[in-house]
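A closer look at the structure
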Amino acid sequence: MSGYSMPAAGGVPPRPGAGGAGAGAGADAGAGADVPAAGPTGAFGPAGGHGSGGAPGGYGPGGHGPGGAPGGFGPGGAPGAGPYLAPGTPAPQPFQWLRPSDPDRKAPATGRTVLAAVLAGLLSSWLLIDGLGVDLLLCAAVVTVGAGAAARAAGRRPRAWTVLWSALGLALLAVPALYEAGWPVLLSTVWAVGLASLALHGGRRWSGVLLALPGLVWQLVPGLVWAGRTLRGRRVGNRGQVVPVLKGALVAVVLLTVFGALFAGADAAMANVLESLVPSVDLGELPARAALFVLGLATALGFAHIAAGPRRWDRTVVRPGRARGRLEWALPLAALNLMFGAFVVLQAVVVLGGAEAILERTGMTRSEYARQGFWQLLVVTVLTLVVVALAKRWAPRGTEADRRLVRLLLGALCLLTLVVVAAALGRMWFYVDASGLTTLRLWVLAVEIWLGVVFVLLIVAGLTPSVGWLPRAAVLSAVAAAAVYGLTGPDAMVAEHNVARFERTGQIDLRNVRSLSADAVPALDRLPGDYRTCALGLVAHNLRAEGSTPWYATSLAASRARGILAERPVPDHYSHAEDACDRVGMSRDDAFEG
C-alpha cells in the first residue's frame with residue numbers, strides 16, 4: 001500500500017507512499033507497543049497503527065484513525081479484518097501481479113536514443129516497403145545502437161546470456177537476406193524480435209523467460225510516452241546539442257539531392273547507381289510509409305525503454321499448484337504409462353515383422369498407415385508435454401518418497417514418449433520416401449524432432465538436483481531448431497529431395513514443387529524438358545510480376561533465381577507452363593498436397 005496516501009489533519013495530503021506524520025506516538029504504534037497511542041486522525045505511513053498483540057484498529061503498514069480506532073484492519077487480526085475495506089481505503093488495482101516485477105529504476109531517454117529511434121523509423125519507411133532482405137538487418141543494427149545507448153545510460157553491462165541471445169537473433173535476421181520463402185522468413189523474424197526482448201530483460205525462471213519473449217509488445221506505447229516525457233523535461237541547453245545535428249542532416253540531404261540530380265543527368269551509369277540507392281516516392285505509398293515509420297520508431301523506443309530499466313519477470317509470483325494425494329495423483333499417470341508401454345510393445349512387433357498382418361487386418365496400405373499414424377502420434381507427443389507440466393504442478397511433494405514417486409512416473413512417461421517420437425519420425429520418413437517431401441512435411445518433422453529434444457531435457461532435469469537451467473535450455477533448443485530450419489532453406493531442401501528422387505526413380509509429384517519459392521530454382525533447373533517448364537512456370541511468373549527489386553530488398557536466393565532464368569528462360573506466358581504440366585500427366589486442377 002505504499003503507493004497510496006490518506007489526507008492528514010487539516011486537509012493537507014501527505015507525501016505519496018510515506019503517509020502523514022502524526023504528533024505523539026500514534027504513527028509509531030506499530031513498533032511493538034501493546035497498546036497503540038493516540039495520534040492525529042489520518043496518520044498513514046510506514047509505521048503501523050497496530051500493536052504486536054493485534055490491537056484493534058491497525059491498518060496496513062500505516063496508522064489509521066486516532067489511536068487505532070476500531071474498524072481498521074491489519075495483520076494483527078484486528079476487528080474488521082477480512083475482505084471488506086475500511087472507509088477511504090483505495091480499491092485494489094488491476095494487474096497487481098505486475099508490481100513485484102517493476103523495474104528497480106528507469107533511466108531517462110537520451111538524445112542518442114531518440115535520434116537512433118528516429119533514424120530507425122526513417123529507414124523502415126524508406127527500405128521495408130520494398131520487401132525484406134538486407135534492409136531488415138540494417139534497421140536492426142540501428143535499433144541495437146539505440147538500445148545500447150539506453151543500457152549504457154542506465155549503467156547496465158552485457159552478460160554472457162545477453163550476448164548469446166543477441167547473436168542468435170542476428171543469425172535469424174540473416175534468413176530474409178538469404179532466402180525468399182515466406183514462412184521461414186516470418187518465423188525467423190518473430191523469433192529474432194523475441195530473442196532481442198529476452199536479451200534485454202534477462203530471465204532464468206519459466207516466468208522470466210516466457211514473459212520476456214513477447215515483452216516488446218507491451219512496451220511499444222510506453223516507449224513512446226517515456227521518450228516524449230523525457231524530452232519535455234529536458235533543458236533547452238541540452239536540446240541545443242541535438243538541433244545542430246538535425247540542421248546538419250537537413251543540409252546534407254539538400255546537397256546530396258541537388259548534386260545527385262546533376263551527376264545523374266551527366267552520366268547514365270551514375271544514374272543507375274543512384275536509382276538503385278534512392279527509392280521512388282509514390283504518393284499512394286505515403287500511408288504505408290507513414291505506418292512503417294511509426295512501427296520502426298515505436299520498435300526502437302520499445303527496445304530502448306526495456307534497456308533503460310527492464311521488468312524483472314523472474315520476480316513474478318507463481319503460486320505452486322495444490323499438492324494432490326499420492327494415490328489421486330499416481331493412479332492416472334500409472335495407467336497412462338501402461339498405455340504407452342502397450343504401444344511401445346506393438347511398435348516392436350511391427351518392426352520385427354508383424355507389419356503385414358496389421359496392414360491386412362486394417363485394410364490400409366503402407367503409405368496410408370504411415371501418413372495417418374504420424375499426425376496422431378504428433379498430437380500424442382504434444383498432449384504428453386501438457387500432461388507432464390500439469391502433473392508436475394500438482395505432484396505430491398511432502399516427503400522424499402513422494403518426490404521419488406514423481407521422478408519415477410514422470411521419467412518413465414518421458415522415456416516412453418521418446419519411443420513415440422521415434423515411431424512418428426519413422427512413419428513420416430517412410431511416407432516421404434514413398435511420396436516425396438513437402439514443406440509441410442519438413443516443418444512437422446522439425447517440430448517433432450524439437451519435441452523429442454524437449455523430452456530429453458526433461459529426463460535430464462529429473463536426474464539432476466537443480467533444474468534452474470531448464471527454462472533457458474528449452475528456449476535455446478527452440479531457437480536452434482528455428483535457426484537450423486530457416487538457414488538451411490526449407491524450399492531448397494524440398495526441391496533438392498524431390499529432384500534427387502526423380503533422378504533416382506524417374507518419379508516426381510510436381511504438386512509438391514510447383515508452389516515453392518525462388519529458393520527452389522537451382523534444384524528444379526536440373527529437371528528435363530516439360531518437367532522443368534511445369535515446375536518453374538509459377539515461380540518464373542511471380543518473379544516477372546515483381547519486376548526489378550532494389551538490392552536491399554532482394555534475397556540472395558531471388559538474385560540467383562533471376563540469373564538462372566535469364567540464362568535458361570521458361571516461356572513467358574503462364575499458359576505454356578500449364579500445357580507442359582498437361583503433357584507430363586499433371587492435371588490443371590491438381591492442387592498442392594501436404
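No experiment lies behind these values; they were computed from the predicted model shown.

Quick word on the overall build of the protein
What the protein contains, in helices and strands, is 20 helices and 0 strands. Residues counted as buried form 40% of the 594 residues belonging to the protein. In the protein, the proportion of contacts linking residues at least 24 apart, taken out of those at least 6 apart, comes to 68%. Per element, the accessible surface of the protein, about 30,900 Å² overall, is 68% carbon and sulfur.

Observations regarding the environment of Val479
Here Val479 lies in helix α15 (residues 470-487). When its relative accessible area of 0% is taken as the criterion, Val479 is described as buried. For the pair Val479 and Gly169, spaced 310 residues apart in sequence, the C-alpha to C-alpha distance is 8.8 Å. In contact with Val479, other than residues within four places in its own chain, are Leu168, Leu172, Trp191 and Leu195.

As for the state of the cysteines
Enumeration over the complete set of coordinates arrives at 1 disulfide. Covalent S-S linkage joins Cys534 and Cys581, the inter-sulfur distance amounting to 1.9 Å. Residues Cys534 and Cys581 are joined through a disulfide that is right-handed, its torsion about the S-S bond being 95°. Taken together, the residues Cys534 in helix α18 (residues 529-546) and Cys581 in helix α20 (residues 574-583) connect sequence positions 47 residues apart. Here Cys534 matches Cys581 in class, with each residue buried.

Description of the pattern of salt bridges
Counted by the stated rule, this structure contains 13 salt bridges. Notably, a salt bridge pairs Glu328 with Arg324, separated by 4.0 Å at the nearest N-O pair. Where Glu496 meets Arg526, a salt bridge forms, and the shortest distance between an N and an O atom there is 3.1 Å. Of this pair, Glu496 sits in helix α16 (residues 490-505) while Arg526 sits in the loop between α17 (521-524) and α18, placing them 30 residues apart in sequence. Looking at Arg526, the relative accessible area reads 40%, which means it is partly exposed. The network of salt bridges with common partners includes Asp525, Arg532, Glu567 and Arg568.

Some details on helix α14 (residues 439-463)
Helix length check: α14, at 25 residues, gives a terminal C-alpha distance of 37 Å against a target of 36 Å (1.5 Å per residue), a fit within 8%. Arg441, Leu442, Val444, Leu445, Glu448, Leu451, Gly452, Val454, Phe455, Leu457, Ile459 and Ala461 are the residues of α14 that are buried.

Some words on the packing of aromatic side chains
If you walk through the whole model with that rule in mind, you get 6 aromatic pairs. Seen in terms of ring centroids, Trp183 and Trp443 are 5.4 Å apart; in terms of plane orientation they differ by 90°. Their pairing is edge-to-face. Residue Trp183 is found in helix α5 (residues 182-201), and its partner Trp443 is found in helix α14; the two are separated by 260 residues along the sequence. Judged by its relative accessible area of 42%, Trp183 falls in the partly exposed class. Both rings, one in Trp443 and one in Tyr485, keep their centres 5.3 Å apart while their planes meet at 65°; by these two values the pair is edge-to-face. Highlighted residues: Trp443 in helix α14 and Tyr485 in helix α15, separated in sequence by 42 residues. Take Trp443: its relative accessible area is 26%, and that puts it in the partly exposed class.

Here we look at a nonpolar patch on the surface
Together, Leu250, Val251, Val254, Leu255, Val258, Phe259, Leu262, Phe263, Met270 and Val273 make up a nonpolar patch on the protein surface, roughly 930 Å² of accessible area in all. If you list the elements that add at least two residues to the nonpolar patch, you get α8 (236-266) and α9 (268-277). At 8 residues, α8 tops the list of elements feeding residues into the nonpolar patch. Its place among the elements puts Met270 in helix α9. By relative accessible area, which is 33% here, Met270 ends up partly exposed.

Quick look at α18
For α18, built from 18 residues, the straight-helix expectation of 26 Å at 1.5 Å per residue is met to within 8% by its first-to-last C-alpha distance of 25 Å. Maximum bend of α18: about 45°, positioned at Gly537. Among the residues making up α18, those that are buried are Arg532, Thr533, Cys534, Ala535, Leu536, Gly537, Val539, Ala540 and Leu543. Two residues or fewer past α18, Gly547 is found with a positive phi of approximately 70°.

Comments concerning the side chain of Arg472
Counting through the fold element by element, Arg472 comes out in helix α15. Of the buried charged residues, Arg472 lacks a salt bridge, with Asp314 as the closest side chain of opposite charge at 7.2 Å. Among all residues touching Arg472, those that are not within four sequence positions of it are Trp161, Trp165, Gly203, Arg204 and Val209.

Some points on the packing of α14 against α15
Between α14 and α15, the shortest axis-to-axis distance is 10 Å and the interhelical angle comes to 160°. Accordingly, the angle class assigned to the pair α14 and α15 is roughly antiparallel. Our pair here, α14 against α15, has a crossing hand that is right-handed. Between α14 and α15, the residues in contact are Thr439, Leu442, Trp443, Ala446, Trp450, Val453, Val454, Leu457, Leu458 and Ala461 and Leu470, Ala473, Ala474, Ser477, Ala478, Ala481 and Tyr485, respectively.

Thresholds applied
Residues numbered from 1 in each chain as written. Predicted model: local features only at pLDDT ≥ 70, side-chain atom pairs only at ≥ 80, totals over all residues. Heavy atoms only, no water. Helix = DSSP H or I, 4+ residues; strand = E, 2+ residues; numbered from the N terminus. Buried < 20%, exposed > 50% of the residue type's maximum accessible area, 1.4 Å probe, protein only. Contact = heavy atoms within 4.5 Å. Areas by Shrake-Rupley, 256 points an atom, 1.4 Å probe, with all protein chains shown as cover. Disulfide = S-S within 2.5 Å. Salt bridge = Lys/Arg side-chain N within 4 Å of Asp/Glu carboxyl O. Expected span 1.5 Å × (residues − 1). Phe/Tyr/Trp six-rings, centres within 6.5 Å; stacked < 30°, edge-to-face > 60°. Patch = residues over 30% accessible without salt bridge, like charges linked within 9 Å, V, L, I, M, F, W, Y side chains within 5 Å. Bend = angle between axes of the 7 residues up to and from the residue. Lys, Arg positive; Asp, Glu negative; His and termini not counted. Axes fitted to C-alpha atoms, helices over the stretch in contact; angles between N-to-C directions. Parallel < 35°, antiparallel > 145°, perpendicular 65-115°, else oblique. Left-handed = near helix turned anticlockwise from the far one by under 90°.

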